[in-house]
Amino acid sequence: MGPLIKYTNRLILRVENESKAKQVLDLYLRNRLPFEQYEPTRPASFYTQDYHWSSLHREYIAYTMGTFLRYYIYLKDRPDKIIGAINFNIFRTSREPYAEIGYKIDALYQNRGIAYEACEAALYVLEHDYQIHRVDARIHPENIASITLATKLGFRPLQFEPQSANILGHYVDLMRYTKLL
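None of these values were measured; they are calculated from a predicted model.

Trainee: Report on the nonpolar core, specifying residues and quantitative values.
Mentor: Ranked by internal contacts, the top residues of the largest apolar core, which has 38 residues, are Phe-88, Ile-101 and Phe-155. Elements that contribute at least two residues to this core include exactly strand E2 (11–14), strand E3 (68–75), strand E4 (84–91), strand E5 (98–105), helix H4 (114–130), strand E6 (134–139), helix H5 (144–152) and strand E8 (170–180). When residues in this core are grouped by element, the largest group, 10 residues, is from H4. Apart from residues no more than four positions distant in its own chain, Ile-101 is found in contact with Ile-86, Asn-87, Phe-88, Cys-119, Leu-123, Val-135, Asp-136, Ala-137 and Phe-155. Residues Val-24, Leu-27, Phe-35 and Ile-82 belong to the second largest nonpolar core, which totals 14 residues.

Trainee: Describe the packing of aromatic side chains, naming the residues involved and giving the relevant values.
Mentor: Between two aromatic rings, the relevant description is the distance of the centres plus the angle of the planes. In total, this model carries six aromatic pairs according to the counting rule given. Centre to centre, the rings of Phe-46 and Tyr-47 are 5.0 Å apart; their planes meet at 80 degrees, and the pair counts as edge-to-face. Assessed through its relative accessible area of 3%, Phe-46 is described here as buried. Residue classification places Tyr-47 among the buried positions, given a relative accessible area of 15%. Taken together, the ring pairs in this structure connect Tyr-28, Phe-35, Phe-46, Tyr-47 and Tyr-51 into an aromatic cluster. The ring centre of Tyr-47 lies 3.8 Å from the NZ or CZ of Arg-32, which sits over that ring.

Trainee: Break down the pairing of E3 for me, citing the residues and quoting the values.
Mentor: Taken across its eight residues, E3 has eight buried, putting it largely inside the fold. Burial of E3 is two-sided: the residues Phe-68, Arg-70, Tyr-72 and Tyr-74 facing one way and the residues Leu-69, Tyr-71, Ile-73 and Leu-75 facing the other way are all buried. Here E2 pairs with E3 via four bridges, running antiparallel. Bridging from a neighbouring strand, Ile-12 pairs with Tyr-74 of E3. Across six bridges, E3 lies against E4 in antiparallel orientation. What sits directly across from Ile-73, in E4, is Gly-84.

So, how was this worked out
- Residues numbered from 1 in each chain as written.
- Predicted model: local features only at pLDDT ≥ 70, side-chain atom pairs only at ≥ 80, totals over all residues.
- Heavy atoms only, no water.
- Core = buried A, V, L, I, M, F, W, Y, C linked by side-chain atoms within 4.5 Å.
- Buried < 20%, exposed > 50% of the residue type's maximum accessible area, 1.4 Å probe, protein only.
- Helix = DSSP H or I, 4+ residues; strand = E, 2+ residues; numbered from the N terminus.
- Contact = heavy atoms within 4.5 Å.
- Phe/Tyr/Trp six-rings, centres within 6.5 Å; stacked < 30°, edge-to-face > 60°.
- Lys NZ or Arg CZ within 6 Å of the ring centre and 35° of its normal.
- Pairing = 2+ DSSP bridges.

The values reported here are purely geometric and, on their own, carry no functional implication.
Set out below in structure tokens:
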């Protein structure tokens, strides 16, 4: 397991539990339109506090088992407001363990280097605390901001994945990027 809390120059990255369901829901409600452009289609119950309570409960259990890590992102000078998240699905069934990364930043806080700072810190945890050597990112080809971030972090294009995600009710192509740690 990695640390529950990780600090950077400007940020607090924290694994949360069910007590933050309302704050997580608020993040998604504030950013529904920008997030839905590039994320899989969500069930109707996604935009409820109960959904996020259950999700946080499952995430915390998976964190204790070493199969999932999600850090919620806070500014040090605003430690009461979730402004994003970075997560890793950790796979240990293959010959060499690897992870898939996902990240999101509140639209009001984008283009400030926050995602880069959070990802750098979280990738360090993944490498040193989980002994992961490879991380993949599945990115919609029109998500230029995500492609730019992944490239800046050292991810490289690996493979095209046709019709691999249902986004806004349509199957779309994704591109898989990879980074060796």
